[in-house]
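Coordinate inspection notes
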Amino acid sequence: MAATENTLEKQIGCVKYTLFCFNIVAWMLATSLFALTVWLRAEPGFNEWLKILQAESFYIGVYILIAISIIMMAVSFLGCLSALMENTLALFVFIGTQIFGFIVTIAGSAILMQYSTMHSSLQPLLQVSLSNFVSTSEQPYSSYVLNMIQENVGCCGASGPWDYLNLRQPLPSSCRDTVSGNAFFNGCVDELTWFFEGKTSWIVAIALGLGMLNVISAVMSLVLVQAVKKEEEEVQAYRR
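Residues numbered from 1 in each chain as written. Predicted model: local features only at pLDDT ≥ 70, side-chain atom pairs only at ≥ 80, totals over all residues. Heavy atoms only, no water.

1. As for the environment of Ser 173
How we decide: A run of H or I in DSSP becomes a helix once it reaches four residues, and a run of E becomes a strand once it reaches two; helices and strands are each numbered from the N terminus.
By the secondary structure assignment, Ser 173 is in the loop between α7 (162-166) and α8 (188-239). It is 9.4 Å that separates the C-alpha atoms of Ser 173 and Gln 150, two residues lying 23 residues apart in sequence.

2. Looking at the state of the cysteines
Heads up, the rule is: By definition, disulfides here are pairs of cysteine sulfur atoms that lie within 2.5 Å. Each residue's exposure class comes from its accessible area (1.4 Å probe, protein chains only) as a fraction of the maximum for that residue type: buried when under 20%, exposed when over 50%, partly exposed otherwise.
By the definition in use, this model includes two disulfides. Cys 155 shares a disulfide with Cys 188; S-S distance 2.0 Å. For the disulfide bridge between Cys 155 and Cys 188, the dihedral angle about the S-S bond is near 85°, and by the sign convention the bridge is right-handed. Remark: Cys 188 occurs in helix α8 and Cys 155 occurs in the loop between α6 (140-153) and α7; sequence separation between them is 33 residues. Here Cys 155 matches Cys 188 in class, with each residue buried. Paired by a disulfide, Cys 156 and Cys 175 hold their sulfur atoms 2.0 Å apart. Taking the sign of the torsion about the S-S bond as the criterion, the disulfide between Cys 156 and Cys 175, at about 95°, is right-handed. Remark: Cys 175 occurs in the loop between α7 and α8 and Cys 156 occurs in the loop between α6 and α7; sequence separation between them is 19 residues. Overall, Cys 175 belongs to the buried group, its relative accessible area being 0%. Disulfide partners in the chain, listed by the sequence order of the bonded cysteines, are 1-4, 2-3. Of all cysteine sulfurs, the one in Cys 80 lies closest to Cys 21, which takes part in no disulfide; the gap is 8.7 Å.

3. Section: the packing of helix α3 (residues 59-85) against helix α4 (residues 88-114)
Rule in force here: Comment: axis = line fitted to C-alpha atoms, over the contacting stretch for helices; angle = value between 0 and 180 degrees taken between N-to-C directions. To sort the angles, those under 35 degrees are grouped as roughly parallel, those over 145 as roughly antiparallel, those from 65 to 115 as roughly perpendicular, and the leftovers as oblique. Note on convention: near helix rotated counterclockwise from far helix by under a right angle means a left-handed crossing. Clockwise means right-handed. Classification convention: Asp, Glu, Lys, Arg as charged; Ala, Val, Leu, Ile, Met, Phe, Trp, Tyr, Cys, Pro as nonpolar; all other residues, Gly among them, as polar.
Remark: α3 packs on α4, axes separated minimally by 9 Å, with the N-to-C direction vectors making an angle of 160°. By the angle between their directions, the pair α3 and α4 is classed as roughly antiparallel. The crossing of α3 and α4 is left-handed. Of the residues belonging to the contact of α3 with α4, the class tally is 18 nonpolar, nine polar and no charged.

4. A short note on the packing of aromatic side chains
We apply this condition: Stacked, tilted and edge-to-face are the three classes applied to pairs of Phe, Tyr and Trp rings, where Trp contributes its six-membered ring and a pair requires centres within 6.5 Å; stacked means planes under 30 degrees apart, edge-to-face means over 60, and tilted covers the rest.
As enumerated under the stated definition, the model contains eight aromatic pairs in all. With 5.6 Å between their ring centres and 75° between their planes, Phe 58 and Tyr 59 make a pair best called edge-to-face. Of the two residues examined, Phe 58 and Tyr 59, each falls in the buried class. With centroids separated by 5.9 Å and ring planes inclined at 55°, the aromatic side chains of Phe 195 and Phe 196 adopt a geometry described as tilted. Look at Phe 195 and you get partly exposed, because its relative accessible area is 32%. Taken together, the ring pairs in this structure connect Trp 49, Phe 58, Tyr 59, Tyr 63, Phe 195 and Phe 196 into an aromatic cluster.

5. Side note on empty space enclosed by the protein
With a probe scaled to a water molecule rolled over the atoms, the places where space remains empty come into view. As a reminder, the rule being used: Think of a 1 Å grid over the protein atoms and nothing else: a 1.4 Å probe that fits but is trapped marks a cavity, an open set flanked by protein within 12 Å on at least five of seven lines marks a pocket, and residues with an atom within 4 Å of a point count as lining. Grid points are joined across faces, edges and corners, and a volume is the space filled by probe spheres set on the points.
The tally for this structure, following the rule as stated, stands at one cavity of 30 Å³ or more. Of the volumes computed, that of the largest cavity is approximately 40 Å³. As for the largest cavity, its lining consists of Asn 23, Ala 26, Met 72, Val 75, Ser 76, Phe 94, Gln 98, Leu 210, Asn 214 and Ser 217. Of all the secondary-structure elements, those providing two or more residues to the lining of the largest cavity are α1 (2-42), α3, α4 and α8. Residues belonging to the lining of the largest cavity are distributed by class as follows: five nonpolar, five polar and no charged.

6. Thoughts on α6
Operational definition: Multiplying one less than the number of residues by 1.5 Å gives the expected span of a helix.
Taking 1.5 Å as the rise per residue, α6 with 14 residues should run 20 Å; its terminal C-alpha atoms sit 20 Å apart, in good agreement. The complete set of buried residues in α6 reads Ser 142, Val 145, Leu 146, Met 148, Ile 149, Gln 150 and Val 153. Taken from the residues just after α6, Gly 154 is the one with a positive phi, measuring 80°.

7. A word on the packing of helix α5 (residues 122-135) against α6
Counted only if it meets this: What makes two residues a contact is simply this: any of their non-hydrogen atoms within 4.5 Å.
Contact geometry of α5 with α6 gives a least axis separation of 8 Å together with a crossing angle of 125°. Considered as vectors, α5 and α6 are oriented oblique to each other. For α5 against α6, the interelement crossing comes out left-handed. Residues Leu 130, Phe 133 and Val 134 of α5 form the contact with α6, whose own contacting residues are Tyr 141, Ser 142, Val 145, Leu 146 and Ile 149. Its residues assigned to classes, the contact of α5 with α6 shows seven nonpolar, one polar and no charged.

What follows is the structure, given as structure tokens:
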């Protein structure tokens, strides 16, 4: 009986401290996710471009990930305490928060990808905005916006140089490479999408990593609950 109890105590200790370490890693990932999403939301130039292009729906996924990262930072401490105290009620609450965190993290990542990757909901928004700017490129504001984007990103028109040619308009100097003088072949819709995709790839990777840790922590917490219950039953049986 003593040998069985000793083995069970070792198993509980192993699961408990492994769960503690996983929560430390989860806190670090949640902190990194919070820092990157806040940086992306607060970056002045990036924010200005999305506002001009009327593509601010890009931020829906960012807001979700900011919120869940804050929650997961707090929950990680709950996980550490509930594991060390071997409190079954706190562990069940922690399991619930991990399931919630996993669902919201995956949803936020999916929405962010939906507005930042090729063939996503972002491209039609960019197509409409940039096409409008090209069709009114003789106006000072439209010309300013197009020149700013084309020079910084290295693109031409919405779909390519032919956007200007179809309207029988000369290619602006911002459409040409300053070294070779050749016109940029790719349109700004594709180039901006690749630009946004590069901005969000690390955020999505960290969010998915955090979601995976949520699942692992929930499973390990459930194992710990079962082990603690078994230990309590053995103690009660021994007292009888």
